[in-house]
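Secondary and tertiary structure notes
So you can see what is in the structure, the chains are spelled out below.
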Amino acid sequence: MALGIFLAIIGGAFVSIQNTFNANVKKRVSVWTTTTLVLFLGFAASFVAGLAFEGIGLFSFDAEPWFWFSGIVGVGVVACVTQGVQILGPSRAISLVMVSQIFFGLMWDTLGWFGLEQVPFTWQSLLGVLMISGGVLLFQLGPKLEQKPFVKLNAETVEAND
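Here the structure is a predicted model, which is why all the values come from computation and not from measurement.

Quick notes on helix H2 (residues 31-54)
Here H2 contains 24 residues, and its C-alpha end-to-end distance of 33 Å stays within 8% of the 34 Å for a straight helix at 1.5 Å per residue. Considered for burial, the residues of H2 that qualify are Val 31, Thr 34, Thr 35, Val 38 and Gly 50. Structurally, H2 contributes buried residues whose contacts are with helix H1 (2-26) and helix H3 (70-88). Backbone geometry just after H2 places Gly 55 at a positive phi near 60°.

Here you go:
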């Protein structure tokens with residue numbers, strides 16, 4: 001379990017770095033050029049690593065045919081998140097991506113879609129998603145709330161309090 005937690009944390013760091021890099025590339029070229037570059041280089045790196053670590057076993061693929069097309073979903077991921085990071089900035093975009101992933105992950109688990117074992121819906125799960133969403137909202141609105149005073153003071157009140 002500790003290894004899984006460690007790998008998930010490292011994966012999150014990689015996603016954040018990749019999205020920041022992608023947004024910087026997108027400043028100079030189109031989103032489709034960026035997506036093509038990212039996925040082509042990812043394919044090349046995966047192919048070389050797969051051959052190095054698995055050899056011919058790399059070509060043994062036993063899954064439902066529709067799962068073979070997950071790379072097409074990756075096009076949507078790269079294109080949407082790259083533009084989101086460029087428009088919103090890394091922390092806002094990644095926060096929203098995270099909440100979206102948790103929400104849709106809960107849906108897929110609850111419905112048992114995409115070959116997943118169906119997991120019963122619990123109110124604790126929904127509460128967890130809502131709490132994380134609230135935390136993200138607080139994280140995003142925090143700086144704006146700090147800039148606005150809760151009480152408007154006029155000059156006379158400020159001088160009287162000094």
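A look at the packing of aromatic side chains
In this description, an aromatic ring pair is defined by two values, namely the gap between the centres and the angle between the planes. Throughout the structure, instances matching the rule amount to 9 aromatic pairs. Centre to centre, the rings of Phe 61 and Trp 68 are 5.9 Å apart; their planes meet at 65°, and the pair counts as edge-to-face. Judged by centre distance (5.3 Å) and plane angle (80°), the rings of Phe 121 and Trp 123 are edge-to-face. Using a relative accessible area of 36% as the deciding quantity, one classes Phe 121 as partly exposed. A relative accessible area of 65% places Trp 123 in the exposed class. In this structure an aromatic cluster arises from ring pairing among Phe 103, Phe 104, Trp 108, Trp 113 and Phe 114.

Here's the deal with the side chain of Thr 34
Mapped onto the secondary structure, Thr 34 falls in helix H2. Given a relative accessible area of 1%, Thr 34 falls into the buried group. Excluding residues within four positions of it along the chain, Thr 34 makes contact with Asn 22, Val 25, Lys 26, Val 29 and Thr 82.

A closer look at the layout of surface pockets
Empty space within the largest pocket amounts to approximately 300 Å³. Its boundaries defined by the atoms lining it, the second largest pocket holds a volume of some 220 Å³. Lining the second largest pocket are Leu 58, Phe 61, Phe 67, Trp 68 and Ser 70.

A short note on the packing of H1 against H2
Between two packed helices, what matters for the description is the angle formed by their axes and the separation of those axes. The interhelical angle for the contact between H1 and H2, taken along N-to-C directions, is 135°, at an axis separation of 9 Å. The orientation of H1 relative to H2 falls into the category oblique. Crossing hand, H1 versus H2: right-handed. Where H1 approaches H2, its residues Gln 18, Asn 22, Val 25 and Lys 26 are matched on the opposing element by Val 31, Thr 34, Leu 37 and Val 38. Its residues placed into classes, the contact of H1 with H2 shows 4 nonpolar, 3 polar and 1 charged.

What counts and how
- Residues numbered from 1 in each chain as written.
- Predicted model: local features only at pLDDT ≥ 70, side-chain atom pairs only at ≥ 80, totals over all residues.
- Heavy atoms only, no water.
- Helix = DSSP H or I, 4+ residues; strand = E, 2+ residues; numbered from the N terminus.
- Expected span 1.5 Å × (residues − 1).
- Buried < 20%, exposed > 50% of the residue type's maximum accessible area, 1.4 Å probe, protein only.
- Contact = heavy atoms within 4.5 Å.
- Phe/Tyr/Trp six-rings, centres within 6.5 Å; stacked < 30°, edge-to-face > 60°.
- 1 Å grid on protein atoms, 1.4 Å probe; cavity = no way out; pocket = protein on both sides within 12 Å on 5 of 7 lines; lining within 4 Å.
- Points joined across faces, edges and corners; volume = space filled by probe spheres on them.
- Axes fitted to C-alpha atoms, helices over the stretch in contact; angles between N-to-C directions.
- Parallel < 35°, antiparallel > 145°, perpendicular 65-115°, else oblique.
- Left-handed = near helix turned anticlockwise from the far one by under 90°.
- Nonpolar A, V, L, I, M, F, W, Y, C, P; charged D, E, K, R; others polar.

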